[in-house]
Amino acid sequence: MRQGQPKEVLPVGKLSPEHLRSLLKQSPKLDSRLLIGPQIGEDAAVIDAGDRYLVVATDPVTFAMDQIGRYAVHVNANDVAVMGARPLWFFVVILLPENSTTPARAEAVMADVRDACEQLDVALGGGHTEITQGLDRPILVGQMLGEVAPTRLVRKTRISIGDQILLTQGVAIEGTAILAREKSERLRDRIDADVLARAARFLIEPGISVVSAALAAASLPETVHAMHDPTEGGLATGLYELVAPAGLGLRVIRERIPVFPETDSICRALSLDALKLLASGALLIAVAPDKVDAVLTVIQTTGIPVAVIAEVRPSSENITIMTNGNIEPLTPAVRDEIARAFEGD
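Quick caveat, the model's predicted, so the values are computed rather than measured.

## Some thoughts on the sheet that holds strand 4 (residues 86-97)
Reading across from one edge, 1-2-3-6-4-5 is the order of the 6 strands in this open sheet, with mixed pairing throughout. Only two strands of the sheet have a single partner each, and these edge strands are strand 1 (34-36) and strand 5 (123-132). Neighbour-to-neighbour, the strand axes of this sheet turn through a mean angle of 20 degrees, independent of strand direction. Of the pairings in the sheet, the one linking strand 3 (residues 53-61) to strand 6 (residues 139-148) comprises 9 bridges and is antiparallel in character. Across the sheet, the residue bridging to Val-61 is Leu-140, located in strand 6. Sitting on the sheet, helix 2 (residues 68-81) touches strand 3, strand 4 and strand 6, and the angle it makes with strand 3 is about 145 degrees. Where helix 3 (residues 103-120) meets the sheet, it contacts strand 4, strand 5 and strand 6, and its direction lies at approximately 170 degrees from that of strand 4.

Shown next, in the form of structure tokens:
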């Protein structure tokens, strides 16, 4: 870099896959019991604990302010469940902003954490709480631990060409809820009040947990090849992360992707791409063609809607999306659309 040239500043959101891949190359030597360590596309680490595997996930919540404790529990539980493991123990670091944190606010965050743990039958194991200098909003960093029998672990390296990709619920539940709650003033004059009210309840109904759907699918022995919950970067990034560990491609059918009407209304009002909006609450499942009906049935018996939206293709075909017969590349989000919505705040 020449003297006087401005330094590159990275945008808000996840690091790019290329940058992250470079950083992960510098990781220290792995312990032999660490079966799945840091790598692009994997939701959690897996540790061999003898007769069972310990699955560990860590995720922050940085955009939401309302019911942030609920978000933190569910997004971390999701990352454990997609490995086929049952979430069991939750740890959380709660960083609260100076000059605006009241005892009631701190108590409300902890109440959300406790309620979500009780909903999932998860034990709150501990963590750390403090008032942090320089913050303008609460930030929670959660860690969820769970267990799975070695024969029931679901990992993405099993995904194969020809597998069908299923999507539960639709997109983008979490992003819709956050925008409806945090951007209500901007949206009030642009979309109907009843639409905004329904969107604001997305955190509760349909909710951002994929634990029930993931454990239902994983209950079918030797059936599910891979699972992933699309989060930051939305469905587009989630699809990339699903096939990244196996280095394969995808053909996605746009018309098959269920997009909530509330999401569509909010994204149109804010000029956002629904496929690249924070998408917790949806689950991606890779299944061999002859096992699709069995997985559809077991998930639908839980009352959760599910659709087939894509097919795994050779790596040479890359990741593409077909819209009305036209095929275009589908790339992961450079940053989540929700970051654009919060620009200037």
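## Re the packing of helix 4 (residues 173-182) against helix 10 (residues 261-270)
In a packed pair of helices, the relevant descriptors are the angle between the two axes and the axis-to-axis distance. Between helix 4 and helix 10, the shortest axis-to-axis distance is 10 Å and the interhelical angle comes to 60 degrees. Accordingly, the angle class assigned to the pair helix 4 and helix 10 is oblique. The two elements helix 4 and helix 10 meet at a crossing, and its hand is left-handed. Between helix 4, through Thr-176, Leu-179 and Ala-180, and helix 10, the contact on the second element is made entirely by Glu-262, Thr-263, Ile-266 and Leu-270. Within the contact of helix 4 with helix 10, the residues separate by chemical class into 4 nonpolar, 2 polar and 1 charged.

## Topic: the pairing of strand 11 (residues 306-313)
Two elements, strand 7 (residues 164-168) and strand 11, share 5 bridges in a ladder whose sense is antiparallel. Note that in strand 11 the partner of Leu-166 across the bridge is Val-308. Sheet analysis places strand 9 (residues 249-253) next to strand 11, joined by 4 bridges and oriented antiparallel. Across the sheet, residue Leu-250 finds its bridge partner in strand 11, namely Val-312.

## Quick look at the side chain of Thr-237
Of note, Thr-237 is situated in helix 9 (residues 234-243). Accessibility expressed as a relative area gives 6% for Thr-237, which makes it buried. Dropping the residues within four chain positions of it, Thr-237 is found in contact with Glu-232, Pro-332 and Ala-333.

## Looking at the packing of aromatic side chains
Using the criterion set out here, one finds 1 aromatic pair in the structure. Taking the centre distance of 5.1 Å and the plane angle of 65 degrees together, the rings of Phe-202 and Phe-260 count as edge-to-face. Residue Phe-202 is located in the loop between helix 6 (193-200) and helix 7 (203-207), and its partner Phe-260 is located in the loop between strand 9 and helix 10; the two are separated by 58 residues in the primary sequence. Judged by its relative accessible area of 4%, Phe-202 is buried. Residue Phe-260 is classed as buried on the basis of its relative accessible area, which comes to 17%. Taking NZ or CZ as reference, Lys-183 lies 4.4 Å from the ring centre of Phe-342, over its face.

Reading the values: the criteria
- Residues numbered from 1 in each chain as written.
- Predicted model: local features only at pLDDT ≥ 70, side-chain atom pairs only at ≥ 80, totals over all residues.
- Heavy atoms only, no water.
- Pairing = 2+ DSSP bridges.
- Helix = DSSP H or I, 4+ residues; strand = E, 2+ residues; numbered from the N terminus.
- Axes fitted to C-alpha atoms, helices over the stretch in contact; angles between N-to-C directions.
- Contact = heavy atoms within 4.5 Å.
- Parallel < 35°, antiparallel > 145°, perpendicular 65-115°, else oblique.
- Left-handed = near helix turned anticlockwise from the far one by under 90°.
- Nonpolar A, V, L, I, M, F, W, Y, C, P; charged D, E, K, R; others polar.
- Buried < 20%, exposed > 50% of the residue type's maximum accessible area, 1.4 Å probe, protein only.
- Phe/Tyr/Trp six-rings, centres within 6.5 Å; stacked < 30°, edge-to-face > 60°.
- Lys NZ or Arg CZ within 6 Å of the ring centre and 35° of its normal.

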